[in-house]
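Architecture at a glance
Listed here are the chains, written in short residue letters.
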4 protein chains.
Amino acid sequence: MNAPFRTDGLQADAEEHEDIRRMPALLGRASGPRNMPRSHAHLTYVGDSIEVTVRALTDAAALSQYLPPRCRLAGEPVIAVAVNQLTNLGWLAGRGYNIVNVSTQIVFEGDEDKVQGRFIFCLWENKADPVLTGREELGMPKLFADIANPREIDGRWECSAVWEGFKFLDLRLDTTDGDENAPIQGGYASRGVTLVHRYHQRTGEWGQADIDQIVISHPSDSPPPRALHQKTGVGKFAFHPARWEDMPTQYTFINALAGLPLLEFRGGQYVKTKGIGNLKAFRIAK
Amino acid sequence: MNAPFRTDGLQADAEEHEDIRRMPALLGRASGPRNMPRSHAHLTYVGDSIEVTVRALTDAAALSQYLPPRCRLAGEPVIAVAVNQLTNLGWLAGRGYNIVNVSTQIVFEGDEDKVQGRFIFCLWENKADPVLTGREELGMPKLFADIANPREIDGRWECSAVWEGFKFLDLRLDTTDGDENAPIQGGYASRGVTLVHRYHQRTGEWGQADIDQIVISHPSDSPPPRALHQKTGVGKFAFHPARWEDMPTQYTFINALAGLPLLEFRGGQYVKTKGIGNLKAFRIAK
Amino acid sequence: MNAPFRTDGLQADAEEHEDIRRMPALLGRASGPRNMPRSHAHLTYVGDSIEVTVRALTDAAALSQYLPPRCRLAGEPVIAVAVNQLTNLGWLAGRGYNIVNVSTQIVFEGDEDKVQGRFIFCLWENKADPVLTGREELGMPKLFADIANPREIDGRWECSAVWEGFKFLDLRLDTTDGDENAPIQGGYASRGVTLVHRYHQRTGEWGQADIDQIVISHPSDSPPPRALHQKTGVGKFAFHPARWEDMPTQYTFINALAGLPLLEFRGGQYVKTKGIGNLKAFRIAK
Amino acid sequence: MNAPFRTDGLQADAEEHEDIRRMPALLGRASGPRNMPRSHAHLTYVGDSIEVTVRALTDAAALSQYLPPRCRLAGEPVIAVAVNQLTNLGWLAGRGYNIVNVSTQIVFEGDEDKVQGRFIFCLWENKADPVLTGREELGMPKLFADIANPREIDGRWECSAVWEGFKFLDLRLDTTDGDENAPIQGGYASRGVTLVHRYHQRTGEWGQADIDQIVISHPSDSPPPRALHQKTGVGKFAFHPARWEDMPTQYTFINALAGLPLLEFRGGQYVKTKGIGNLKAFRIAK
């Protein structure tokens, strides 16, 4: 399978990429969504997405304990759980992956930055490579899970997330009686501010942080995704408590989410969009 | 499936773990090999390993370009490629995973630390969770790949590593005429010093590092693994060049390794061991 | 996750399905594409497909040796290799899977049936359940493989099929200069006759057949899929020879295909369709 | 990676194999556990197994409804659920896979064969290739599922089986107070008679059978596996009811098993063995 469709993948690394690194930092430059090969730069914002979101009212005190300093709830303690199927991603040479995203609206008051936006408590993705690039380059608190493509039958969506056979999330959305013209609330396709808590443990000084900060993004430098189809619906979700034996690397996180009271489900929506952002506008908040 | 075999997985996080965090840092303490639940601490060093290693002589200048500052080759430019199958791991509640490890012997001369040891250029693992804990807690330059269990027929071993269908590594070892009593050279079961280059990009200041250091380990606080069986052999390996389309997040690294001339294969060995270390003795080199 | 979206999955099996069986034949009726639950019968023909096909001229004698008795080539010895991505399948409750299909045009002359159609030498699918239902209910010579979703960048498609890390098929199609209005030749979306060689070994009398026959289909009872988009292109493919160690259950088949001379590539096409057939019109040829 | 370890995989098919076929029947001879390449015939019975079994008393009438004609329970209605991890299989060139097996003891009274043995209601395997060879060559009612390796901590075993994220089986065995010298009851390593109900639907005449028979085996032509370690224990298991949406191809079978009352658990055992059979002694019962 040589010649005709061969591209310039093997040409000199240094001509193709900015000098951005991630481990193994000395073996080559880090190719990725924020460092596209120059010969493929036109693919940076190429990608398709469907997203299924359900919201629930929880308890303000219970939710606030998981917020970092200088952050407070922006209104009602509503958490949004969104399941994303990404396909035809330019930066992955046409591949895709799925995401689960747990967020709420907060106000951040730093010395300089005073913003309202979507705080992401936790994400799961079903491909390891974006998990580690997102954690390290952006401070996105991503974890790995098996996330099936959202399934739709007769307007009803079913989503789930599983780790080595243990299903820790079920989510369903019924759009049968939904509205196709309602404004989209939050989610991957929204254009507001996103905030995450970036943290790295210091090697050998266990319990100490090397990095502990808020990272903030205006997705302003990416062309906005275009909504192809959307519909509101009613739905529900549940995080299922895990034993250490079920998820030895993640059970403490799962159980924090499973312990949040779900006082009332607040509906949700399905959105299909074309075009993706690359989050390169992330920066450390001040 | 309730009651009788239920363990204390759901009991208070804070009673079970040291206050060590990784993202999502505020959702709970980070359970893992260096932060076992107290109720399962006796499982810390439980695990079985088989390891298949092949060594090759390469070019000193070609190899040295991938070493960090203050590091130089300790002797001949010999790289060792080791494939590990880990099973029955206590810290994963009895699960396992596989590793590919590329290393050479170096001398590190810091202000205080002047040591000789095994420098790991790159690792691949077939489970995302240890990839990210190892990267963040230790600075281990781990990547994700599909790594089949090493297969043995009539004393001949075959190993490979694949990323989404693209096989970037083949490795074979023939132990037919091997020696069961030769000393083990390097590898997972060895007890020497390990060094890695820990590096984290700074969010938003692309091309700048937040962390750029050498991390060093004496595995002295783990009980030594016990060799159950071992045998030397002759072997070979090859890294296969990748296009961006084949491995868009890793091709620059693969091609660096594939570009190293393999001047002479230097044999290898198979080792089966009982007991594992947890690498908690890693610290930032001075 | 109880109540609201619960469907009738648990209701009496006998009310839901025709009395069609497959092993384990006595544990329940066989649900599947040709035996939909009555409550979901409206989903029978629901599904989306993209298909990437490339054709090549091979040698008539070499190809004919793999045809069953009463079958002969219908014209030039052209084989078509098609890679299909099926999504949103009604019969799989919204799931999908991928197919590789190797076929040629033949004439079958039976005692009663004298037809021309597409003879399928072999298929691979990346989901075990349709592999076994297709083999047993239809005589479709399906095997299991890992088949990535076809990937497209700038009009160029790349497909592959892999078994446990061994890539036995690469296929590429470049539609850059293609025609969107050319008639579709063959493929999943075509409406012609399909023929397969159904064969079952007799248990214990090794080398004897229990079933050895031609099965034939007019897909006439399914509503025709609707083409949403299509484009011709130029392409190529290669089957890669396998050792027994690489594919111990399939290497004889792979090597037969890899041994066919590919004298000239004859172009191909990409087709996106809506709607699927269920092949229930298959019958034993006479 | 050429030359030194190359084997004869590509040599003439006809010299390597008996003329046994399975679909695609004309592309080559069928390599497999009952048709090893002659050059690798010495690997036929090579393989390692661990098996975790738990038994339960159920209701005789409920269980008997799933037995074929001429079969009746041999004693108490006790079902055994066994989870097997097979490794280092010679016929798979050193690979392995896992099995779940549901069986009971029956008496079969045919015209000639009057035997007592283990009737297998259903099996699941996590590799497609042995699923289809076993179904077609032996009549083994195998289905595909994700089956994790049995996990052991402190003498307690945990097993499960999952289909696309839906866990339909949990099984646990506690050997803490077990006996290492008790005789093994049933299971993969046992040497008794095995019976299955072989059934194939006739293509196009939906609801009619092409094959409907009892297949029987004395594993007498394989050298007996050698028990390396064994221990009895107490345990439990549960089949979890599935909706059509959860397992559209298997839910009728799962729900039959989930509907069996489990009146009393009868203990179980863990067994580790060396050596496997190839079931070539299977024959159609008379």
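Calculation rules
Residues numbered from 1 in each chain as written. Chains lettered and ligands numbered in written order. Predicted model: local features only at pLDDT ≥ 70, side-chain atom pairs only at ≥ 80, totals over all residues. Heavy atoms only, no water. Helix = DSSP H or I, 4+ residues; strand = E, 2+ residues; numbered from the N terminus. Rg over C-alpha atoms; globule rule 2.2 N^0.38 Å. Buried < 20%, exposed > 50% of the residue type's maximum accessible area, 1.4 Å probe, protein only. Contact = heavy atoms within 4.5 Å. Areas by Shrake-Rupley, 256 points an atom, 1.4 Å probe, with all protein chains shown as cover. Lys, Arg positive; Asp, Glu negative; His and termini not counted. Charge placed at Lys NZ, Arg CZ, Asp CG, Glu CD. Least-squares fit on C-alpha atoms with pLDDT ≥ 70 in both. Polar contact = N/O pair within 3.5 Å; in protein donor to acceptor, adjacent residues only side chain to side chain. Buried area = accessible area lost by both parts, 1.4 Å probe. Salt bridge = Lys/Arg side-chain N within 4 Å of Asp/Glu carboxyl O. Axes fitted to C-alpha atoms, helices over the stretch in contact; angles between N-to-C directions. Parallel < 35°, antiparallel > 145°, perpendicular 65-115°, else oblique. Left-handed = near helix turned anticlockwise from the far one by under 90°. Nonpolar A, V, L, I, M, F, W, Y, C, P; charged D, E, K, R; others polar. Pairing = 2+ DSSP bridges. Phe/Tyr/Trp six-rings, centres within 6.5 Å; stacked < 30°, edge-to-face > 60°. pLDDT = per-residue confidence, 0-100.

**What to know about the overall build of chain A**
- Along its length, chain A carries four helices and 15 strands.
- For chain A, the C-alpha radius of gyration of 19 Å lies close to 19 Å, the compact-globule estimate for 286 residues.
- Overall size of chain A, expressed as C-alpha extent along the three principal axes, is 55 × 50 × 45 Å.
- Evaluated residue by residue, chain A yields a buried proportion of 65% over its 286 residues.
- Expressed as a percentage of contacts within chain A between residues at least 6 apart in sequence, the contacts between residues at least 24 apart total 63%.
- With the model as given, the accessible surface of chain A reaches about 9,700 Å², and the carbon-plus-sulfur share is 48%.
- Here chain A holds 32 positive side-chain charges and 35 negative ones, and the gap between their average locations is 2 Å.

**Digging into the relation of the copies chain B and chain A**
- You can overlay chain B on chain A at an RMSD of 0.0 Å; the transform is a turn of 180° with a shift of 0.0 Å along its axis. The symmetry that links the two subunits is that of a two-fold axis. Among all C-alpha atoms of chain B, that of Ala128(B) lies closest to the rotation axis, at 2.8 Å.
- Interface overlap between copies: 100% of the residues of chain B at the interface are likewise at the interface in chain A, consistent with a symmetric, same-surface contact.

**Quick word on unusual backbone geometry**
- Omega for the bond connecting Met23(C) with Pro24(C) falls within 30 degrees of zero, at 0°, which places this linkage in the cis form.
- Mapped onto the elements, Pro24(C) comes out in the loop between α1 (13–16) and β1 (48–57).
- Non-glycine residue Leu279(A) carries a positive phi angle of around 60°.
- Mapped onto the elements, Leu279(A) comes out in the loop between β14 (264–274) and β15 (282–284).
- For Leu279(A), a relative accessible area of 31% corresponds to the partly exposed category.

**Description of the side chain of Lys127(C)**
- Examined against the element boundaries, Lys127(C) turns out to sit in the loop between β5 (114–125) and α3 (128–138).
- Side-chain polar atoms of Lys127(C) contact the backbone oxygen of Gly96(C), separated by 3.5 Å.
- If sequence neighbours within four positions are ignored, Lys127(C) has contacts with Leu92(C), Arg95(C), Gly96(C), Tyr97(C), Phe144(C) and Glu164(D).

**Considerations on helix α4 (residues 251–258) of chain A**
- Burial within α4(A) is extensive, with seven of its eight residues counted as buried.
- Looking at the buried positions of α4(A), the neighbouring elements they touch are β4 (97–109), β5 (114–125), β6 (142–144), β10 (166–174) and β13 (226–239) of chain A together with α1 (13–16) of chain B.

**As for the interface of chain B and chain A**
- Counting residues at the interface gives 85 residues for chain B and 85 residues for chain A.
- Between chain B and chain A, a total of about 7,300 Å² is buried, with carbon and sulfur atoms accounting for 62% of that surface.
- The closest approach of N and O atoms between Arg198(B) and Asp210(A), which form a salt bridge, is 2.6 Å.
- Here chain B and chain A share 36 residue pairs in polar contact (both at pLDDT 80 or more) between them.
- Of all the elements in the fold, those that place two or more residues in the side of chain B that touches chain A are α1, β5 (114–125), α3 (128–138), β6 (142–144), β11 (194–201), β12 (209–217), α4 (251–258) and β15 (283–284) of chain B.

**Here's the deal with the packing of helix α3 (residues 128–138) of chain A against α3(B)**
- Between α3(A) and α3(B), the least distance of the axes is 10 Å, while the angle of their chain directions is 25°. Classified by the interaxial angle, the pair formed by α3(A) and α3(B) is roughly parallel. Seen along the crossing, α3(A) lies across α3(B) with a hand that is right-handed. Residue-level contacts link Ala128(A), Val131(A), Leu132(A), Arg135(A) and Glu136(A) of α3(A) to Ala128(B), Val131(B), Leu132(B), Arg135(B) and Glu136(B) of α3(B).
- Considering only residue class, the contact of α3(A) with α3(B) consists of six nonpolar, no polar and four charged.

**Thoughts on the pairing of β12(B)**
- Pairing analysis gives eight bridges linking β11(B) to β12(B), with the strands arranged antiparallel. Bridge pairing links His200(B) to Ile211(B) in β12(B).

**Thoughts on the interface of chain C and chain B**
- Contacts between chain C and chain B engage ten residues on the former and eleven residues on the latter.
- For the pair chain C and chain B, the summed buried surface comes to about 890 Å²; carbon and sulfur atoms form 41% of the total.
- Together, Gly165(C), Arg243(C) and Glu245(C) form the three largest contributors to the area buried by chain C at its contact with chain B, with a combined 41%.
- Here chain C is connected to chain B by two salt bridges.
- For Arg243(C), the salt bridge identified is with Glu158(B), shortest N-O distance 2.7 Å.
- Run the count over chain C and chain B and you get two residue pairs in polar contact (both at pLDDT 80 or more).
- Within the residue set of the side of chain C that touches chain B, elements represented by two or more residues are β8 (151–153), β9 (156–163) and β10 (166–174) of chain C.

**A closer look at α3(A)**
Residue and element names in this part refer to chain A.
- Of all eleven residues making up α3, eleven are buried, and the element is well covered by its neighbours.
- Listed as buried for α3 are Ala128, Asp129, Pro130, Val131, Leu132, Thr133, Gly134, Arg135, Glu136, Glu137 and Leu138.
- Trailing α3 by a residue or two, Gly139 shows a phi angle of about 75°, which is positive.

**Examining the environment of Gln85(D)**
All names here are of chain D.
- Within the element layout of this structure, Gln85 appears in strand β3 (residues 78–87).
- Taking the C-alpha atoms as reference points, Gln85 and Ala56, separated by 29 residues in sequence, lie 21 Å from one another.
- Excluding residues that lie within four positions of it along the chain, Gln85 makes contacts with Asp48, Ser49, Ile50, Tyr97, Asn98, Asn149 and Pro150.
- There is a polar contact of 3.5 Å between the side chain of Gln85 and the side chain of Asn149.

**Observations concerning the relation of the copies chain C and chain B**
- Relative to chain B, chain C is turned by 180° and slid 0.0 Å along the rotation axis, the superposed coordinates differing by an RMSD of 0.0 Å.
- When you check the interface residues of chain C against chain B, 100% turn up at the interface there too, and the contact is symmetric in its surfaces.

**Focus on the packing of aromatic side chains**
- Within this structure, the stated rule accounts for 27 aromatic pairs over all chains.
- With 6.5 Å between their ring centres and 80° between their planes, Trp91(A) and Tyr97(A) make a pair best called edge-to-face. Assigned by exposure class, Trp91(A) and Tyr97(A) land together as buried.
- When the ring of Trp157(B) is compared with that of Tyr270(B), the centres are 4.7 Å apart and the planes differ by 20°; the resulting orientation is stacked.

**Considerations on the side chain of Gln250(D)**
- Considering the arrangement of structural elements, one finds Gln250(D) in the loop between β13 (226–239) and α4 (251–258).
- Judged by its relative accessible area of 0%, Gln250(D) falls in the buried class.
- Among the polar contacts made by the side chain of Gln250(D), one reaches the main-chain carbonyl oxygen of Phe144(D) at a distance of 3.0 Å.
- If we skip the residues at most four places from it in the chain, Gln250(D) touches Asp129(C), Trp124(D), Leu143(D), Phe144(D) and Trp163(D).

**Quick word on the pairing of β10(A)**
All names here are of chain A.
- The element β10 is extensively covered by neighbouring structure, given that eight of its nine residues are classed as buried.
- As consecutive antiparallel partners, strand β9 (residues 156–163) and β10 are separated by two residues, and within that stretch Glu164 has a phi angle of approximately 45°, a positive value.
- Looking at chain direction, β10 and β13 are connected through six bridges and run antiparallel. When the sheet's bridge partners are listed, Leu173 is paired in β13 with Gly235.

**Considering the pattern of salt bridges**
- With the rule as written, the count across this model stands at 86 salt bridges over all chains.
- Residue Glu137(B) is joined to Arg22(B) by a salt bridge in which the shortest nitrogen-to-oxygen separation is 2.8 Å. On the criterion of sequence distance, the pair formed by Glu137(B) in helix α3 and Arg22(B) in the loop between α1 and β1 (48–57) is long-range, its members being 115 residues apart.
- Close ionic contact of Asp210(C) with Arg202(C) constitutes a salt bridge, the shortest N to O distance being 3.0 Å.
- Residue classification places Asp210(C) among the partly exposed residues on the basis of a relative accessible area of 23%.

**With respect to the confidence of the model for chain A**
Residues and elements named next belong to chain A.
- Of all residues in chain A, 92% attain a pLDDT of 70 or more, and the chain-wide mean is 91.
- Considering only residues more than four positions removed or in separate chains, one finds that residues 1–11, a stretch of pLDDT under 50, has 31 contacts.
- Across the predicted assembly, pTM comes out at 0.95 and ipTM at 0.93.

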